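# Analysis of the macromolecular model
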Amino acid sequence: MAEQKEKNPEARKSWEKGWEDWQTSCHLCPRGCGAARGEGEKGVCRMDARIRVARVSLHLWEEPCISGEGGSGTVFFSGCSLGCVYCQNREISRAAVGRTVSIQQLTFIFLLLQEKGAENINLVTPSHYAPAIKEAVELARQQGLELPIIYNCSGYERVEALRQLEGIVDVYLTDFKYMDQELARRYSRAKDYPQVARAALAEMVRQQGQAVFDGRGIMKKGVILRHLLLPGAVGNGKKIVRYAYENYGNRIYYSLLNQYTPVEKQEALPELNRRVTRREYDALVDMALELGVEHGFIQEGKTAQESFIPDFDDRGLLDLIPVGEEAIDDGESLRRVGDNR
């Protein structure tokens, strides 16, 4: 696809101010709730401006080119602006767990993961903290961080926010959940998800559309599109794969997941109270192969019967973070990003 020219430079300048003012009126995500997060108000993401981290670990359950042998250096952020009813990580997306950290401590986390042998820094559900994360990555790079930065997101992203991350993010590991507006409305209260995700994916490919791997097969740059197949929603999955392939072909990598796990009984949405069947998953994979998808990952064996949900009672390496004068603990007053350098 040809690179699109910027249509409205003034709109970009206005958004840059919005990026800077996210703590007074937050519009980082497509919901644009306008919460004064720096004053303690919580946005749609359920979070104020304090960075809250639920778990830090060397994660071996990602795609092979992400986890490698050393494990992906995952940083799970609390809160989420999408809020799917079936969320597989609901403990953190609903902000039930987590520890508040400063910019300096987040920088320390990145460097600690590098020291522990991580293949990369994997930012899980980072969108509602994007400006703070960008600052921490820049600080970490000044202090010797050399690992690729993975942006592991829901796909429900503002293009303007993604543009602010150009040069920061090396690999976009993005969900594409819905091409069906009704499913998006029922399951995530986001009827606009399909058009938002299409625009976001286009920006991700513009930035990192050429995949790069090292000699061990670890992705250093690129885009991986993930789709978690939902029970009874094979048609939705097929539409997503077809759209992505027709627009980006094998420039991007596809990760088709069958690991959906019902985390709580859905009285109003009974179709979600079961796992995906082998027949449903095979139908999606077969369609992808028939299209010509060559760069991708599928799950085999008994993965549909296994749970890939991390134990968030185990905070991993989080307890190794030093607590000192610059630490922000859960009960302390808010500090604005950059105030405590």
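An account of the accompanying structure is given in this report. (Residues numbered from 1 in each chain as written. Predicted model: local features only at pLDDT ≥ 70, side-chain atom pairs only at ≥ 80, totals over all residues. Heavy atoms only, no water.)

### Side note on the layout of surface pockets
The criterion, for reference: Two kinds of site are reported from a 1 Å grid over the protein atoms alone, namely cavities, where a 1.4 Å probe fits but cannot get out, and pockets, open sets with protein on both sides within 12 Å along at least five of seven lines, and residues are called lining when an atom falls within 4 Å of a point. Grid points are joined across faces, edges and corners, and a volume is the space filled by probe spheres set on the points. Going along the chain from the N terminus, every DSSP run of H or I of four or more residues is numbered as a helix, and every run of E of two or more is numbered as a strand. Under the convention adopted here, Pro, Cys and the residues Ala, Val, Leu, Ile, Met, Phe, Trp and Tyr are nonpolar, Asp, Glu, Lys and Arg are charged, and Gly plus all remaining residues are polar.
A volume near 810 Å³ is recorded for the largest pocket. In this structure, the largest pocket is lined by 36 residues; those nearest its centre are Gln-88, Asn-89, Asp-175, Arg-226 and Gln-259. Within the residue set of the lining of the largest pocket, elements represented by two or more residues are helix 3 (90-93), strand 5 (149-153), strand 8 (219-228), strand 9 (253-257) and strand 10 (296-298). A class-by-class count of the residues in the lining of the largest pocket yields 18 nonpolar, 13 polar and five charged.

### Things to note about the nonpolar core
Counted only if it meets this: What makes a nonpolar core is a set of buried Ala, Val, Leu, Ile, Met, Phe, Trp, Tyr and Cys residues whose side-chain atoms join them at distances within 4.5 Å. Partly exposed describes any residue whose relative accessible area lies between the buried limit of under 20% and the exposed limit of over 50%, with all areas from a 1.4 Å probe on protein chains only and scaled to the type maximum. In this analysis, two residues are considered to be in contact whenever any of their non-hydrogen atoms come within 4.5 Å of each other.
Among the nonpolar cores identified, the biggest contains 88 residues, and Leu-106 and Phe-110 are the most heavily contacted of them. Sequence-distant contacts of Leu-106, defined by excluding residues within four places in its chain, comprise Ile-51, Val-75, Phe-77, Val-101, Ile-133 and Ala-136. Counting residues in hydrophobic clusters, the runner-up holds ten residues, among them Cys-65, Ile-66, Ile-224 and Tyr-253.

### Remarks on the packing of aromatic side chains
Definition in use: Each pair of aromatic rings taken from Phe, Tyr and Trp, with Trp reduced to its six-membered ring, is defined by centres within 6.5 Å and is described as stacked if the planes are under 30 degrees apart, edge-to-face if over 60, and tilted in the remaining cases. Criterion for a charge above a ring: Arg CZ or Lys NZ at most 6 Å from the ring centre, at most 35 degrees from the ring normal.
Counted under the stated rule, the structure contains ten aromatic pairs. Their ring planes at 50° and their centres at 5.8 Å tell us that Phe-77 and Tyr-129 sit as a pair that is tilted. You can see Phe-77 sitting in strand 2 (residues 72-77) and its partner Tyr-129 sitting in the loop between strand 4 (121-124) and helix 5 (130-142), a full 52 residues away along the chain. Tyr-129 matches Phe-77 in its accessibility class, with the two residues each being buried. Ring geometry for Tyr-86 against Tyr-187: centres 6.0 Å apart, planes inclined by 90°, an arrangement best described as edge-to-face. Taken together, the positions of Tyr-86 in the loop between strand 2 and helix 3 and Tyr-187 in helix 7 (residues 181-188) put the pair 101 residues apart, joining distant regions of the chain. We classify Tyr-86 as buried; its relative accessible area is 4%. Tyr-187 gets classed as buried once you look at its relative accessible area, which sits at 3%. The aromatic ring of Tyr-243 is capped on one face by Arg-198, whose charged end is 5.9 Å from the ring centroid.

### Points about the environment of Arg-251
Assignment of secondary structure puts Arg-251 in the loop between helix 9 (234-248) and strand 9. Each C-alpha atom of the pair Arg-251 and His-295 lies 8.2 Å from the other, and the pair is 44 residues apart in sequence.

### A word on helix 10 (residues 278-291)
Selection criterion: Under the convention used throughout, the expected extent of a helix is 1.5 Å for every residue step, that is, one less than its residue count. The directions from the helix axis to the C-beta atoms form the arc being described.
The end-to-end C-alpha separation of helix 10 is 20 Å, in line with the 20 Å expected for 14 residues at 1.5 Å each. Of all the residues in helix 10, the buried ones are Glu-280, Tyr-281, Leu-284, Val-285, Met-287 and Ala-288. The buried residues of helix 10 occupy an angular sector of 155° when the element is viewed end-on, so they sit on one face. Residues Arg-278, Arg-279, Leu-289 and Glu-290 are exposed on helix 10 and point more than 90 degrees away from its buried face. Gly-292 lies just past helix 10 and shows a positive phi near 120°.

### Focus: helix 8 (residues 193-208)
In an α-helix, one turn spans 3.6 residues, which is why side chains three or four residues apart end up on the same side. Under the 1.5 Å per step criterion, the end-to-end length of helix 8 is 22 Å for 16 residues, consistent within 8% with the ideal 22 Å. Looking only at helix 8, the buried set comprises Tyr-193, Pro-194, Val-196, Ala-197, Ala-200, Leu-201, Glu-203, Met-204, Val-205, Gln-207 and Gln-208. On its buried face, helix 8 sits against strand 5, helix 6 (159-164), strand 6 (171-175), helix 7, strand 8 and helix 9.

### Quick word on unusual backbone geometry
Even without glycine at this site, Arg-46 takes up a positive phi of about 75°. Assessed through its relative accessible area of 42%, Arg-46 is described here as partly exposed.

### Observations concerning the pattern of salt bridges
When the charged atoms of two side chains lie near each other, side chains of opposite charge can form a pair. Quick reminder of the rule: What counts as a salt bridge is simple: a side-chain nitrogen of Lys or Arg found within 4 Å of a carboxyl oxygen of Asp or Glu.
Summed over all chains, the structure comprises 18 salt bridges. Notably, a salt bridge pairs Glu-271 with Arg-186, separated by 2.7 Å at the nearest N-O pair. Of the two residues, Glu-271 is situated in the loop between strand 9 and helix 10 and Arg-186 in helix 7; the sequence distance between them amounts to 85 residues. Close ionic contact of Arg-242 with Glu-246 constitutes a salt bridge, the shortest N to O distance being 3.7 Å. On the criterion of helical spacing, the pair formed by Arg-242 and Glu-246 is a turn pair, its members being four residues apart in helix 9. Looking at Glu-246, the relative accessible area reads 56%, which means it is exposed. One salt-bridge network, held together by shared partners, links Glu-119, Asp-214, Arg-216 and Lys-220.

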